[in-house]
Amino acid sequence: MTTHPPIPLHTGSSALEVRRAARLGQLTGHTSGLARHHVQANLAILPKSLADDFLRYCQRNPKPCPLLSVSEPGQYRLTDLGQDLDVRTDVPRYRVWQGGELVDEPTDLTALWQDNFVTFALGCSFSFEHGLLAGGIRLRHVEQGLNVAMFRTNIATRRAGPFHGPLVVTMRPMKAADAIRAVQITSRVPEVHGAPIHIGDPSLIGINDLQRPDYGDAVQVMPDELPVFWACGVTPQAAIAVAKPPFCITHAPGCMLVTDRLNDQLGLG
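Source: prediction; values computed, not measured. (Residues numbered from 1 in each chain as written. Predicted model: local features only at pLDDT ≥ 70, side-chain atom pairs only at ≥ 80, totals over all residues. Heavy atoms only, no water.)

This next bit is on the environment of Leu-46. Counting through the fold element by element, Leu-46 comes out in strand S1 (residues 38-47). Of the residues examined, Leu-46 reaches a relative accessible area of 0% and is grouped as buried. Sequence separation between Leu-46 and Ile-249 is 203 residues; the distance between their C-alpha atoms is 6.6 Å. Among residues more than four places away in sequence, those in contact with Leu-46 are Phe-54, Asn-116, Phe-117, Val-118, Phe-120, Phe-163 and Cys-248. (Helix = DSSP H or I, 4+ residues; strand = E, 2+ residues; numbered from the N terminus. Buried < 20%, exposed > 50% of the residue type's maximum accessible area, 1.4 Å probe, protein only. Contact = heavy atoms within 4.5 Å.)

Structure below.
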């Protein structure tokens, strides 16, 4: 077996460096804070028989499911998102679902790939974090090297075929002035979830304990801060758990496909 030297990863890494590190098994965790100039994407990979229903689900729920790319059946190189990009190997960790149950979290899909798979790439809030940081807004999970906190809410998404379920959100604590600025920055980028869906009291959207996220890592909310919530691309995983398709694949929460597209192309320069 060939041994490859470690690829150093940091905020200034290129998208290809992050993808290659994932491909070589050197990166198996979250991608928050990496390759800050590049658009990151959530993934949902489903059999062709479910693709039309899932496409309509995304179209009916554009806040949590902003479409960046949809493949042809069996296509695993999304050339509109990057050169030398392979969705089977270039995500740090995947989730495999059978009948709506999580059965595995592999780091490579090559042995599982089927010619009828359709890949959906959805915008990710890690992209707008670049704009927030550039605007002088501190992000605690980035500073602490953590995955962002994600929560299931009591807000229902619009149904399409078998796909429906609760809206999932990401949470970032901010001072009030920063929260206002964050609304201004993210409202310009609907391709990566756009403006927050809620600010303040988490119980109003069905979240009981900010220290117990459903996905990701907990971060402290200081007394002078407000929790700010954005729609999240993990929402399809909640819909998949409800729809119970015989087989499908997603990214593991926080483990994104880093694309060659640039955040400044979204207005986040």
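What follows continues from the structure just given.
Next up on the list: the packing of aromatic side chains. Taken as a whole and assessed by the stated rule, the structure comprises eight aromatic pairs. A ring pair is formed by Phe-117 and Phe-247, whose centres lie 5.9 Å apart and whose planes are at 5°; its orientation type is stacked. Taken as a pair, Phe-117 in strand S5 (residues 117-123) and Phe-247 in the loop between helix H6 (235-243) and strand S10 (248-251) lie far apart in primary sequence, 130 residues in all. On the accessibility criterion, Phe-117 (0% relative accessible area) is buried. Overall, the relative accessible area of 16% leaves Phe-247 in the buried class. (Phe/Tyr/Trp six-rings, centres within 6.5 Å; stacked < 30°, edge-to-face > 60°.)

This brings us to the packing of helix H3 (residues 125-134) against helix H5 (residues 176-186). Relative to each other, H3 and H5 sit at 125°, their axes nearing to 10 Å. It follows from the interaxial angle that H3 and H5 lie oblique. The two elements H3 and H5 meet at a crossing, and its hand is right-handed. Listed contacts from H5 to Phe-128, Gly-131 and Leu-132 of H3 are Ala-182, Ile-185 and Thr-186. Looking at the contact of H3 with H5 residue by residue, the classes come out as four nonpolar, two polar and no charged. (Axes fitted to C-alpha atoms, helices over the stretch in contact; angles between N-to-C directions. Parallel < 35°, antiparallel > 145°, perpendicular 65-115°, else oblique. Left-handed = near helix turned anticlockwise from the far one by under 90°. Nonpolar A, V, L, I, M, F, W, Y, C, P; charged D, E, K, R; others polar.)

Of all six residues making up strand S9 (residues 226-231), five are buried, and the element is well covered by its neighbours. In the sheet, strand S8 (residues 198-199) pairs with S9 via two bridges, with the strands oriented antiparallel. Note on S9: the bridge partner recorded for His-198 is Phe-229. (Pairing = 2+ DSSP bridges.)

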